[in-house]
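Spelled out, the chains give:
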Amino acid sequence: MAINYSLYANHLTNSEDYMAVVQNQKTKTLDELIDRMIGRGSTVTKAEALAVLEEYQASVQEALEEGYSISTPLLRISPSIQGVFTDPQDNFDRSRHILRLNVTSGSRISQISNVLKVEKVTAKAPQPTPVDFTDVKTTSNETLSPGGVGVLTGSRLKVNQEDTQQGIFIIGADGIETRVTTYIRNMPSNLIFMIPDTLTAGIYQIDIRTIFQKSKTIRSGTLPTDLTVQ
């Protein structure tokens, strides 16, 4: 199986060059990976595998919460702090600064990129592609904290904050949309914003809507993960 990609005009530079964007990417869940492992003839049952992996994941989470970095053959996780400090006596303030956990590939994974096959496919109409969300208050990618700070990463995310048709729209299960009005960072690969404090308990989707340069058409992209306000 090859990694499909298409070429799009690169609006981040002043030249007329192009950038590659991965297309038609499919995802394997934890259950599917365990099924694959068992399908190889492993003597471990699915229940046993799930139990061991839960203990492993809990150990990783516990170590991170204690302030450690993680380094394994699969991944490396380390903290970084974003934001401006006014002077040498200034201290970390969650209203102005963001503590992020950066995940990079470990030694076993980083080698795979050298052997992956790629295949060029016909380009589709470009659209914003939100990939990952982090709720800064809970450091979770599954929750929304009203009045807190959210971080979206992906590609082609930058929006015109003054255009009410554009921006981050948080959509409830009832279809009601809440538009984000306050942005801390507004870049193509990274949006940092204040989560509206009017959100009530429930399940939400995040939709990004923007108009690209040399276009008049609204393009939208939806975060693939539902988020919960508790």
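Rules and cut-offs
- Residues numbered from 1 in each chain as written.
- Predicted model: local features only at pLDDT ≥ 70, side-chain atom pairs only at ≥ 80, totals over all residues.
- Heavy atoms only, no water.
- Helix = DSSP H or I, 4+ residues; strand = E, 2+ residues; numbered from the N terminus.
- Areas by Shrake-Rupley, 256 points an atom, 1.4 Å probe, with all protein chains shown as cover.
- Lys, Arg positive; Asp, Glu negative; His and termini not counted.
- Charge placed at Lys NZ, Arg CZ, Asp CG, Glu CD.
- Pairing = 2+ DSSP bridges.
- Axes fitted to C-alpha atoms, helices over the stretch in contact; angles between N-to-C directions.
- Core = buried A, V, L, I, M, F, W, Y, C linked by side-chain atoms within 4.5 Å.
- Buried < 20%, exposed > 50% of the residue type's maximum accessible area, 1.4 Å probe, protein only.
- Contact = heavy atoms within 4.5 Å.
- Patch = residues over 30% accessible without salt bridge, like charges linked within 9 Å, V, L, I, M, F, W, Y side chains within 5 Å.
- Salt bridge = Lys/Arg side-chain N within 4 Å of Asp/Glu carboxyl O.
- Parallel < 35°, antiparallel > 145°, perpendicular 65-115°, else oblique.
- Left-handed = near helix turned anticlockwise from the far one by under 90°.

(A) Layout of the overall build of the protein chain. Counting secondary structure elements, the protein chain contains three helices and 15 strands. Viewed in the frame of its principal axes, the protein chain has a C-alpha envelope of about 60 × 50 × 45 Å. Counting every atom, the protein chain has about 15300 Å² of accessible surface; 51% of that belongs to carbon and sulfur. The protein chain carries 22 positive and 25 negative side-chain charges, and their two centres are separated by 11 Å.

(B) Spotlight on the sheet that holds strand 8 (residues 149-155). Here four strands make up an open sheet; going across it, the order is 7-8-12-11 and the pairing antiparallel. In this open sheet, the two edge strands, each paired with only one partner strand, are strand 7 (129-135) and strand 11 (183-187). Looking at each pair of strands side by side, their axes are set apart by 20° on average, direction ignored. As paired strands, strand 11 and strand 12 (residues 190-194) are joined by four bridges and run antiparallel to one another. Opposite Asn 186, over in strand 12, you have Leu 191 as the bridge partner.

(C) Inspection of the nonpolar core at higher detail. Ranked by size, the top nonpolar core spans 19 residues in total, and within it Phe 133, Leu 144, Leu 152, Ile 168, Phe 193 and Ile 206 carry the most contacts. Contributions of two or more residues to this core are made by strand 9 (167-172), strand 12, strand 13 (202-210) and strand 15 (227-229). Residue contacts for Leu 152: discarding those within four places in its chain leaves Pro 130, Asp 132, Phe 133, Leu 157, Ile 168, Ser 189, Asn 190, Leu 191, Phe 193, Ile 206, Ile 208 and Leu 223. Grouped together as the second largest cluster of nonpolar side chains are five residues, Ile 98, Val 136, Val 149 and Val 151 included.

(D) Layout of the sheet that holds strand 2 (residues 18-22). Overall, mixed pairing links the three strands, which are arranged 2-1-6 in an open sheet. Across the chains shown, the open sheet's two edge strands, defined by having one partner strand only, are strand 2 and strand 6 (118-120). For this sheet, the mean inter-axis angle between neighbouring strands, taken without regard to orientation, is 40°. Across five bridges, the pairing between strand 1 (residues 3-9) and strand 2 is antiparallel. Within the sheet, the bridge partner assigned to Ser 6 lies in strand 2 and is Val 21.

(E) Representation of a nonpolar patch on the surface in the model. Taken together, the side chains of Leu 74, Ile 109, Ile 112, Val 115 and Leu 116 present a nonpolar region at the surface, about 440 Å² in accessible area. Residue position: Leu 116 is located in the loop between helix 3 (107-110) and strand 6.

(F) The packing of helix 1 (residues 30-39) against helix 2 (residues 46-65), seen in detail. Following both chains from N to C, one finds helix 1 and helix 2 inclined at 125°, their axes separated by 10 Å at the closest point. For the element pair helix 1 / helix 2, the angle class is oblique. Both helix 1 and helix 2 take part in a crossing whose hand is right-handed. Taking contact as the criterion, the partners of Leu 30, Asp 31, Ile 34, Asp 35, Met 37 and Ile 38 in helix 1 are, on helix 2, Lys 46, Ala 49, Leu 50, Leu 53 and Gln 57.

(G) View of the environment of Val 229. Summarising the element assignment, Val 229 is placed in strand 15. In this structure, the C-alpha to C-alpha distance between Val 229 and Gly 172, residues 57 residues apart in sequence, is 10.0 Å. Not counting the four nearest positions on each side in its chain, Val 229 is found in contact with Leu 144, Pro 146, Leu 199, Thr 200, Ala 201, Gly 202 and Tyr 204.

(H) Looking closely at unusual backbone geometry. One non-glycine residue, Thr 139, adopts positive backbone phi at about 50°. Position of Thr 139 among the secondary structure elements: in the loop between strand 7 and strand 8. On the basis of relative accessible area, Thr 139 is assigned to the exposed category, the value being 56%. Phi is positive for Arg 156, close to 55°, though the residue is something other than glycine. Its place among the elements puts Arg 156 in the loop between strand 8 and strand 9.

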